[in-house]
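Report on the structure
Here is how the chains run, residue by residue.
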Amino acid sequence: MLKTITSRSLQSAFSQNSSQKIITRGYVQQHQTRLFNIGNIVKRQRGYEKKELLGYSMQEMYSVVSDVTNYQHFVPYVKKSHVHSKHNNGFKADLIVGFPPLHEVYTSNVTLKCPALVTSECKDGRLFDYLLNEWRFSPGLKDIPQSCVLDFKVHFQFKSLLHSNIANLFFDLICDQMEQAFVAEARRRYGEASIKSHILSAKRS
């Protein structure tokens, strides 16, 4: 059964982070609708960071995020994903991404540390000057084993000004859809979350 955690109980459970304001997903989304911000169009470097309490275990979320082979089936804008060059700490993956009307290919080097960390860095240099995705998982509430805290960040800079303009126009929407897609996939695989998700902090640059 889905448990409802109040802001008061969360603040107590995460007393070490008492300076962080706990906000609901709905509140954040209200501030993510200004897609056509002309000031952002000239920005080529973008960053997004979020800390969130989720109703799934570290292992469950790690299994979803590290399943790059199946990204094409559940991650928005990923049209194809192919894993190759496996090694002890991870693998390389070729991904075709689509930001209508464009479709581009890039290669990422994925590093894994089960069940705590998944990082993905772009190495080929054709589409991005750089791209870093990092997913960190840590224990959630002590009395709810099926919970974890997700620290997610993405930083990137496109080589092309055209790609930058397109990404900037839809940056907030894309970030939100991407993160929610992994939670939705966890729900599909493992059932309903043990608790309602709570955003602990969020920052865009």
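Here, the structure is the one placed above.
Residues numbered from 1 in each chain as written. Predicted model: local features only at pLDDT ≥ 70, side-chain atom pairs only at ≥ 80, totals over all residues. Heavy atoms only, no water.

With respect to the overall build of the chain
This is how the line gets drawn: The helix count covers DSSP runs of H or I at least four residues long, the strand count covers runs of E at least two residues long, and both are numbered beginning at the N terminus. For each residue, the accessible area found with a 1.4 Å probe, counting protein chains only, is set against the maximum for its type, and the residue is called buried under 20%, exposed over 50%, and partly exposed in between. A contact between two residues is defined here by any heavy atoms of the two lying within 4.5 Å.
The helix and strand inventory of the chain stands at 6 helices and 8 strands. In the chain, the succession of α and β elements from N to C terminus is α-α-β-α-α-β-β-β-β-β-β-α-α-β. Here the chain holds 205 residues, and 46% of them are scored as buried. Relative to all contacts within the chain whose residues are 6 or more apart in sequence, the contacts with residues 24 or more apart total 62%.

Points about empty space enclosed by the protein
The condition that has to hold: A cavity here means a set of points on a 1 Å grid, drawn over the protein atoms and nothing else, where a 1.4 Å probe fits but cannot get out; a pocket is an open set with protein on both sides within 12 Å along at least five of seven lines, and a residue lines either one if it has an atom within 4 Å of a point. Grid points are joined across faces, edges and corners, and a volume is the space filled by probe spheres set on the points.
Using the criterion set out here, one finds 3 cavities of 30 Å³ or more in the structure. In this structure, the largest cavity occupies an estimated 550 Å³ of space. Lining the largest cavity are 30 residues, and of these Y106, L131, N133, V154 and M178 lie nearest its centre. Contributing elements (two or more residues each) for the lining of the largest cavity: strand 3 (90-99), strand 4 (102-113), strand 5 (117-122), strand 6 (128-139), strand 7 (148-158) and helix 6 (171-190).

Observations regarding unusual backbone geometry
What you tend to see is this: most non-glycine residues have negative phi, and most peptide bonds are trans. For the peptide bond that leads from C114 to P115, omega is -5 degrees, which places it in the cis range. Among the structural elements, P115 can be located in the loop between strand 4 and strand 5. Phi angles above zero are rare outside glycine, and Y77 is one such case at about 75 degrees. In this fold, Y77 is placed in the loop between helix 4 (71-74) and strand 2 (78-87). Given the relative accessible area of 22%, Y77 is considered partly exposed. Phi at S85 is positive, roughly 50 degrees, even though this residue is not glycine. Here S85 shows up in strand 2.

Thoughts on the pattern of salt bridges
Defined as follows: Salt bridges are identified by distance alone: a Lys or Arg side-chain nitrogen within 4 Å of an Asp or Glu carboxyl oxygen.
Evaluation of the coordinates by the stated rule reveals 11 salt bridges. Residue K159 is joined to D129 by a salt bridge in which the shortest nitrogen-to-oxygen separation is 3.0 Å. With K159 in the loop between strand 7 and helix 5 (161-169) and D129 in strand 6, the pair connects residues that are 30 residues apart, well separated along the chain. Exposure remark for D129: the relative accessible area of 37% places this residue in the partly exposed category. Between E185 and R189 there is a salt bridge, with the nearest N and O atoms lying 2.8 Å from each other. With a gap of 4 residues between them, E185 and R189 both fall in helix 6, about one helical turn apart. Residue E185 is classed as buried on the basis of its relative accessible area of 6%. The class of R189 is partly exposed, set by a relative accessible area of 29%. Linked by salt bridges that have partners in common, K50, E52, D176 and E179 make up one network.

Points about the nonpolar core
What counts is decided by this rule: We define the nonpolar core as a collection of buried residues of types Ala, Val, Leu, Ile, Met, Phe, Trp, Tyr and Cys that are connected through side-chain atoms lying within 4.5 Å of one another.
Y71, Y106, F128, W135, F137, F156 and F182 are the most contacted members of the largest nonpolar core, which totals 40 residues. Counting 6 residues, the second-largest nonpolar core is a separate cluster that includes L53, V149, I195 and L200.

Observations regarding the side chain of T119
Here T119 lies in strand 5. On the basis of relative accessibility, which here comes to 10%, the residue T119 falls in the buried class. The contact partners of T119, leaving out residues within four places of it in the chain, are N109, V110, T111, N133 and E134.

Just geometry here; none of it tells us what the structure is for.
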